[in-house]
Amino acid sequence: MNPLHLIPIPRNIKELSGAPFDIHSAKTLGINHESLRALSTEFQHNLQNRGLSLQLEPEAGDQSIVLELESSLKSNGKGGESYELKIDSRQIRIRASHERGLFYGTRTLLQLLDRNESLSPMEISDWPDLPMRGVHFMLQGPIPKLDWFLHALDDLAQCKINTILLEYEDKFPYEKHPVIKHPQAFQPGQLRQILDAAKARHIQVIPLLQCFGHIEYILKHPEYEHLRERPHDPFQCCPSNEESFKLFTEMALEILPFHKDEKFFHVGADETYFLGACPVCRKKAGTFDEKADLYIGHLNRVCDFILSHGKTPILWSDMLVDFPSHLAELNRKAVIMYWDYTPSTPKVPWVKWKGRVFLGEDIEDDIPKCVSDILKPYWGGDPFPKSMNAFPYAKFFKDGGHEMIVAPIADQPQTLGNIAEFTAQARATSALGAMTTCWPLFPAGHAWPGFMATADQAWNGNATAASFGARLAARHFDRPDCQASLLPGLLNRRSRPPAVAEKLLLEAQAILQNLPQPLPQHAWIYQCFQTLAAQKHFEIERLAIMPRAAEMEASIKVIEWNDFMEVANPPATPGLQDAFSRENLLDTVENLKSLRRRMMEFRELMTARLGAFATPEAIAEFFQTICEKDLKQLDQCLPHLKLLLAAKNMEIHF
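So, here is what we can say about the structure in this document. Computed from a prediction, not measured in an experiment: that's the story for all the values here. (Residues numbered from 1 in each chain as written. Predicted model: local features only at pLDDT ≥ 70, side-chain atom pairs only at ≥ 80, totals over all residues. Heavy atoms only, no water.)

### Quick look at the sheet that holds strand 6 (residues 83-87)
1) Next: Strand order across the open sheet formed by seven strands is 1-9-6-7-5-3-4, with mixed pairing between neighbours. Among the strands making up the open sheet, the edge pair consists of strand 1 (12-15) and strand 4 (55-57). With direction set aside, neighbouring strand axes in the sheet form an average angle of 15°.
2) Next: Of the strands in this sheet, strand 3 (28-31), strand 4 and strand 5 (64-69) are in contact with helix 1 (residues 37-49), which crosses strand 3 at around 160°. (Pairing = 2+ DSSP bridges. Helix = DSSP H or I, 4+ residues; strand = E, 2+ residues; numbered from the N terminus. Axes fitted to C-alpha atoms, helices over the stretch in contact; angles between N-to-C directions. Contact = heavy atoms within 4.5 Å.)

### A word on the packing of helix 18 (residues 523-555) against helix 20 (residues 582-610)
What describes two packed helices is the angle between their axes and the distance between those same axes.
1) Next: Two elements in contact, helix 18 and helix 20, have axes separated by 9 Å at closest approach and are oriented at 160°. Taken together, the axes of helix 18 and helix 20 are roughly antiparallel relative to one another. Helix 18 and helix 20 meet at a crossing whose hand is left-handed.
2) Next: Residue classes in the contact of helix 18 with helix 20 are distributed as 15 nonpolar, nine polar and six charged. (Parallel < 35°, antiparallel > 145°, perpendicular 65-115°, else oblique. Left-handed = near helix turned anticlockwise from the far one by under 90°. Nonpolar A, V, L, I, M, F, W, Y, C, P; charged D, E, K, R; others polar.)

### Points about the pairing of strand 22 (residues 404-407)
1) Next: Residue alternation in strand 22 divides its side chains into two sets, Met404 and Val406 and Ile405 and Ala407, and both sets are buried.
2) Next: Direction of pairing for strand 17 (residues 335-339) relative to strand 22: parallel, over a ladder of four bridges. Each bridged residue has a counterpart across the sheet, and for Trp339 the counterpart in strand 22 is Ala407.
3) Next: With two bridges joining them, strand 22 and strand 23 (residues 433-436) adopt parallel strand pairing. The residue of strand 23 that forms the bridge with Val406 is Ala434.
4) Next: In this fold, the crossover linking strand 22 to strand 23 by way of helix 13 (residues 415-428) has right-handed handedness. (Buried < 20%, exposed > 50% of the residue type's maximum accessible area, 1.4 Å probe, protein only. Right-handed = clockwise from strand over helix to strand, strands pointing away.)

### Remarks on unusual backbone geometry
1) Next: Note that the residue after Ile7, namely Pro8, is joined by a cis bond; omega there is -5°.
2) Next: Its location among the elements puts Pro8 in the segment before strand 1.
3) Next: The phi dihedral of Glu169 falls on the positive side, at around 50°, and the residue is not glycine.
4) Next: Tracing the backbone through its elements, the reader meets Glu169 in the loop between strand 11 (163-167) and helix 4 (188-200).
5) Next: With relative accessibility at 9%, the residue Glu169 sits in the buried group.

See the structure below:
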């Protein structure tokens, strides 16, 4: 038995002398309070899934597991989430001052039981560093089956995640604005089942409804085009159009009844880069200060609306960093979710402002003095400006009077360092918590190692982050020597030069090939990684083939492709004569045909690997999202080049 393979590692573990507890000798489950009936039933179900059948008894003696609610126990100021767990040869006893603490004590025990049939005597006392330990579910793309959500909640709760940020996009069952609702959106009953299951696992679900930008899913519809800040672009709504605010409130009023018990409501408001683009806004936002007033004025209306319905608004941080002199104008009750995905060390040689990275002397040259005068004390660094504080704006927001949540990233090469350092910053600034974000189209399996790292570091920052990979592998494979924690960074979705992407893909494939069989409850995660690797392979092949074919297609300036004479005699664009040789045409056509086969194989692989937790409709939509543009280009380009090749083969000249 090795308790250090737990995620998260308990804060205090004391080994005791004596014989181990044989878990298969356990006969009864005892509780000391009637309020624990629901928890005991859920715990019994989890034990049964591990081959243990325990009878519930009011007073349990030897060979028993006991859950005790003791109001006299110290809660360590952590909202009742602390617990004590003692194992000896006769009994396992979990004690806490609140049911939440007992729940987390049972999660620790369940992890121990996953890898051991006998448990060495020990005492554990445990409590979290951060009140909020969260992960982000982005529903921009297709959504998995209902069963997947329920399984995901179990897995996250077992690692003591207590918050999910649910970004609905078009997957909420809107009634007043049905055109926005996706065909695969949640049914009301499904959504209630998910939210009820989360509540039973002590997970709060915070809804996210964007109030400003990132609303393509709304503004792409003709009915809402008039709300766009830029007529040709569905990204951002116009804050000067009263209907923009009205639409947000109407959508929020549909969401709020599903989240009656939640304290928070996230309103987005990030990356609103087109402030002042429309003619009306341009008159209001001609200067730096006027843009800030336009942005914060709209946000304050949104925050006031959310507060009037008994919820605390949360918003993203980036635009507030752009306008530091105006932070005092924002409603002080708004909570700021500070995201920064780049740093993975306490000090870095740059600062971020206005979506850009500034190095060294660029800070003085390129950032307005009205901004740098305010932010320079927070940038810090020694010697300035070659060394900067990695997360400078955490203290800036706290000094501005706002509660704050840090937001690392789940699926990039620097993920594990980013999570460890950002959660450390959260502890240092007494932040509300950490919310690790992820922006996948579908599915979310590649984010799971990052989510587990968040659970680890947000609960117990004293746990060594260096041991996380071994503990994750032990939890998912019962083999601590696997390298599964490296996969998100190797297969992340960011664009890379083909040579670099191919090298990383080969490394990821080597890891995937050498992984042992994952435990059944975690197999879906590595099915997602296998799918992502196949997608990366296709993308690398596509980058090697499609640009050349597109260039050949574009160079043939013909009006009617059906005119064989024109096809057989394309204009000789300077520098492209060799491209239209018979050998090059044959090679290009064969490569394009191979690429199409690869796409069809990818679709079949997705259906096979993702079918257990995604509907056929969701898989088809995912394939369409990834491959629609390429398929269209192939269908347009391939017949043309094949026809030209046929003319070359027939040696037709006119």
